[in-house]
Amino acid sequence: MRILSIVTLLLLGLPPAAAPAAPPVPRVPPVPGVVVRDWNPPPSPYAAGHRGVDLAAAPGTEVRAVAAGRVSFSGVVAGRGVLSIALTGTGDPPLRTTYEPVRPLVAEGEDVAAGQVVAVLAPGPSHCPPTCLHWGLRRADEYLNPLSLLHQGRSRLLPVFGIPQPPPHP
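Within each chain, residue numbers correspond to sequence positions counted from 1 in written order. Two thresholds apply to this predicted model, a pLDDT of at least 70 for residue-level local features and 80 or more for giving and counting side-chain atom pairs, whereas whole-chain, interface and lining totals are computed over all residues. Processing note: side-chain calculations cover all non-hydrogen atoms of the structure and skip hydrogens and water entirely.

J.: How do you make sense of the pattern of salt bridges when you look at a structure like this?
T.: Note that side chains of opposite charge can pair when their charged atoms are close. Salt bridge criterion: a side-chain nitrogen from Lys or Arg within 4 Å of a carboxyl oxygen from Asp or Glu. Taken as a whole and assessed by the stated rule, the structure comprises 4 salt bridges. Among the ionic pairs, Asp-111 bridges to Arg-70, the shortest N-O distance being 2.9 Å. Residue Asp-111 is located in strand β8 (residues 111-112), and its partner Arg-70 is located in strand β4 (residues 69-77); the two are separated by 41 residues in the primary sequence. Of the charged contacts, one joins Arg-80 and Glu-100 as a salt bridge, the two residues approaching to 3.2 Å between their closest N and O atoms. Note that Arg-80 is positioned in strand β5 (residues 80-87) and Glu-100 in strand β6 (residues 95-100), a separation of 20 residues in sequence. Exposure classes here rest on a 1.4 Å probe applied to the protein chains alone. A residue is buried below 20% of its type maximum, exposed above 50%, and partly exposed in between. For Arg-80, a relative accessible area of 22% corresponds to the partly exposed category. Secondary structure elements follow DSSP: runs of H or I no shorter than four residues count as helices, runs of E no shorter than two count as strands, and numbering proceeds from the N terminus.

This is the structure in structure tokens:
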């Protein structure tokens, strides 16, 4: 009966009394732009794909840390400014966000807060016409969809109507 009551509470969107809900972790989009190219992971590590999302933004746009963390890289890679932040409290190895092309405003080893301005979008070279922020997310060598960081709240099951219920067990 206890299991049924927990399931019922979860279906109603209420946390069970024995398991208080964790406070939400503040997350903010890095720039106010819309997605111009979505995440398209490759089928294998060396295949073509898009290992992040591109957000429309003009050069000079402030880039914000999506979540609190520590700067793991701030510098130039292949002629483009790149910033990587290891996110606090996301496991071992931690999640790491990347932003490019940018002019970093923070140094390697520096702690940053969610929403803190950490870079300015640099003018190209860019693979977006006219320009965009490439935003990535990784855990070790695995690329993940960075938009998943912006999902807030708990998922919950909703009732399905029109499907017959199985008979109760004796």
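Still more to cover.
J.: For this particular structure, what's the right way to read the sheet that holds strand β3 (residues 62-64)?
T.: Paired through their backbone hydrogen bonds, the strands of a sheet run either parallel or antiparallel. The criterion for strand pairing is that DSSP finds at least two bridges linking the strands in question. In space, the 3 strands of this open sheet follow the order β3-β9-β7, with antiparallel pairing throughout. The outermost strands of the open sheet, each flanked by one partner alone, are β3 and β7 (102-104). With direction set aside, neighbouring strand axes in the sheet form an average angle of 40 degrees. Across 3 bridges, the pairing between β7 and strand β9 (residues 117-121) is antiparallel. Directly across from Val-102, in β9, lies its bridge partner Leu-121. Axis lines are fitted to C-alpha atoms, over the contacting stretch for helices. Their N-to-C directions set the angle, which ranges from 0 to 180 degrees.

J.: So what exactly am I meant to see when it comes to the environment of Glu-100 here?
T.: When its relative accessible area of 17% is taken as the criterion, Glu-100 is described as buried. Contact partners of Glu-100, with chain neighbours within four places excluded, come to Arg-80, Gly-81, Val-82, Cys-132, Leu-133 and His-134. Polar contacts here mean pairs of N or O atoms no more than 3.5 Å apart (in protein, one a potential hydrogen donor and the other a potential acceptor; neighbouring residues in sequence count only if both atoms are side-chain atoms). Within the structure, the side chain of Glu-100 is placed 3.2 Å from the side chain of Arg-80, a separation counted as a polar contact. Residue contacts are counted whenever heavy atoms from the two residues lie within 4.5 Å of one another.

J.: How should I be thinking about the pairing of β4 in this particular structure?
T.: Every regular strand shows the same layout, with side chains that alternate between the two sheet faces. Across 8 bridges, β4 lies against β5 in antiparallel orientation. Each bridged residue has a counterpart across the sheet, and for Ser-74 the counterpart in β5 is Leu-83. Where β4 folds back onto β5 in an antiparallel hairpin, the turn is made up of 2 residues, including Ala-78, whose phi is positive at roughly 55 degrees. Here β4 pairs with β8 via 2 bridges, running antiparallel. Among the inter-strand pairings, Gly-69 is bridged to a residue of β8, identified as Val-112.

J.: Could you clarify how one ought to interpret the nonpolar core in this entry?
T.: Most often, soluble globular proteins have nonpolar side chains that are buried together. Definition of nonpolar core: a set of buried residues of the types Ala, Val, Leu, Ile, Met, Phe, Trp, Tyr and Cys, connected through side-chain atoms within 4.5 Å. Counting residues in each nonpolar core, the largest one holds 24 residues, and the members touching the most others are Val-63, Leu-83, Ile-85, Tyr-99 and Val-118. Counting residues per element, the ones that place at least two in this core are β2 (53-56), β5, β6, β9 and β10 (132-139). Not counting residues within four places of it along the chain, the set of residues in contact with Val-118 comprises Val-63, Arg-64, Ala-65, Leu-83, Ile-85, Pro-104, Leu-105, Val-106 and Val-112.

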